[in-house]
Amino acid sequence: MPHLPASFTLPDHEIQLRARRRARRRESATAYGFVLPAVLVILGLSAVPVVWSLLLSFQVDDLVTPSRWVGLDNYRALTLDPHFGQAVRNTLLYTVAYVPLSMLLGLALALALNRRIRLVGLYRTLIFVPFVISETAQGVLFSFILDPEFGAANSVLHAMGLPSQGFLTDPSQALPVLVGVSLWSGTGFCVVIYLAALQDVPHPLVEAARLDGAGRWQVLRHVVLPTLRPVSVFLVMWQTLSALQVFDLVYVTTKGGPLGSTTVIVYFIWEQAFKNFTAGYGAAAAYVLALALLVISGGMRLARRRGAAEGTAR
């Protein structure tokens, strides 16, 4: 009778290893099955519109008739458009006024509230509440308050014997008034961030400076402010990016007027795409803004890293 080879069997540890691999593959497949719908939604609502709008910026498109490829013509037209230049100028003026004022006011209020005083929790809450209110609600509220005929602001000025003001209807006042409204809400965010950062200021260092005869201003200048530098860099970046993208407040209050004095870049983009039906032109303006935001954020991050490296070297 011929000799038959013995059956080959895997060692126990090899069988266990293969079983673990199969179990991991099943777990991975299950996990991807749960994650896939969310990934598809994110891609559909972010990546696809980004690519589509980029292609749209090289076309003439009114969102109704078939589009036509024009290359860089939309971007060349932006450089010659006085309305786009005015929107850029208004946005820069708004940003230059809003960012430092919101940070200075936030720091001042944070220093004032970083003490043991009665009802300090209530004060902190009242300062932060406006930040939670949407810009749309803020716009509606201040449109009533600042109405030149029936608003409460002019009523107060009249009671004080002062002349009435145009506020949002005056081309020379509309943009500063919008900055003031934004400060009413945006300062609360800076206050909260600075209050949290003030808790990390080393108290032994503060006490040592006071024992050496340093006054409040010297302690603030040489101890507190250097400690708050990373937070300040973050706030500069955050507030700048927020200011460059302001839209809701402008849309609700002034619609870019009067005489284009409050037309900012994002409102210009909306106006071109959905009011004038020049979607390709609006998409080109949107990518100019996106490039500006990318450059600003990248520059600020680089400056922050350099500052951190210098501080470590010291």
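The model shown is predicted, which means the values in this text are computed figures rather than measured ones.

Rules used throughout
Residues numbered from 1 in each chain as written. Predicted model: local features only at pLDDT ≥ 70, side-chain atom pairs only at ≥ 80, totals over all residues. Heavy atoms only, no water. Helix = DSSP H or I, 4+ residues; strand = E, 2+ residues; numbered from the N terminus. Expected span 1.5 Å × (residues − 1). Buried < 20%, exposed > 50% of the residue type's maximum accessible area, 1.4 Å probe, protein only. Arc of directions from axis to C-beta. Contact = heavy atoms within 4.5 Å. Axes fitted to C-alpha atoms, helices over the stretch in contact; angles between N-to-C directions. Parallel < 35°, antiparallel > 145°, perpendicular 65-115°, else oblique. Left-handed = near helix turned anticlockwise from the far one by under 90°. Nonpolar A, V, L, I, M, F, W, Y, C, P; charged D, E, K, R; others polar.

*Asks:* Is there a simple way to think about helix α9 (residues 216-227) in this case?
*Replies:* Since one α-helical turn is 3.6 residues long, residues separated by three or four positions face the same way. If you check α9, its first and last C-alpha atoms are 15 Å apart, about what twelve residues at 1.5 Å a residue would give, namely 16 Å. Of all the residues in α9, the buried ones are V219, L220, V223 and V224. Mapping the buried residues of α9 onto a view down its axis gives an arc of 125 degrees, with all of them on the same face. Opposite the buried face of α9, at more than 90 degrees from it, the exposed residues are W217 and H222. On the buried face of α9, the contacting elements are α3 (82-113), α7 (174-198) and α8 (203-211).

*Asks:* Can you walk me through the side chain of T254 in this structure?
*Replies:* Relative to the elements of secondary structure, T254 occurs in the loop between α11 (248-253) and α12 (265-275). Using a relative accessible area of 12% as the deciding quantity, one classes T254 as buried. What T254 contacts, discounting residues up to four positions off in sequence, is L168, L178 and T262.

*Asks:* What is the right way to look at unusual backbone geometry in this model?
*Replies:* Among all residues except glycine, the phi angle is most often negative; among peptide bonds, the trans geometry is most common. For the bond running from G257 to P258, omega is -5 degrees, close enough to zero to count as cis. Mapping P258 onto the fold places it in the loop between α11 and α12. Even without a glycine there, the phi angle at F167 is positive, about 50 degrees. Topologically, F167 is positioned in the loop between α6 (152-159) and α7. One non-glycine residue, L259, lies in positive phi territory at about 55 degrees. Relative to the assigned elements, L259 resides in the loop between α11 and α12. On the basis of relative accessible area, L259 is assigned to the exposed category, the value being 75%.

*Asks:* Please explain the environment of L220 as it appears in this structure.
*Replies:* Looking at the secondary structure, you find L220 in helix α9. Distance from L220 to T254, taken between C-alpha atoms, is 40 Å for residues 34 residues apart in sequence.

*Asks:* Where do I start with the packing of helix α5 (residues 135-145) against α7 in this structure?
*Replies:* A packed helix pair is summarised by two numbers, namely the angle formed by the two axes and the spacing between the axes. α7 packs onto α5 with a crossing angle of 130 degrees between their chain directions and a minimal axis gap of 11 Å. When the interaxial angle is binned, α5 and α7 end up oblique. Crossing angle aside, the handedness with which α5 passes α7 is right-handed. Contact with α5, carried on its side by Q138, L141 and F142, involves V181, W184 and S185 of α7 and no other residues of that element. A per-class count over the contact of α5 with α7 returns four nonpolar, two polar and no charged.

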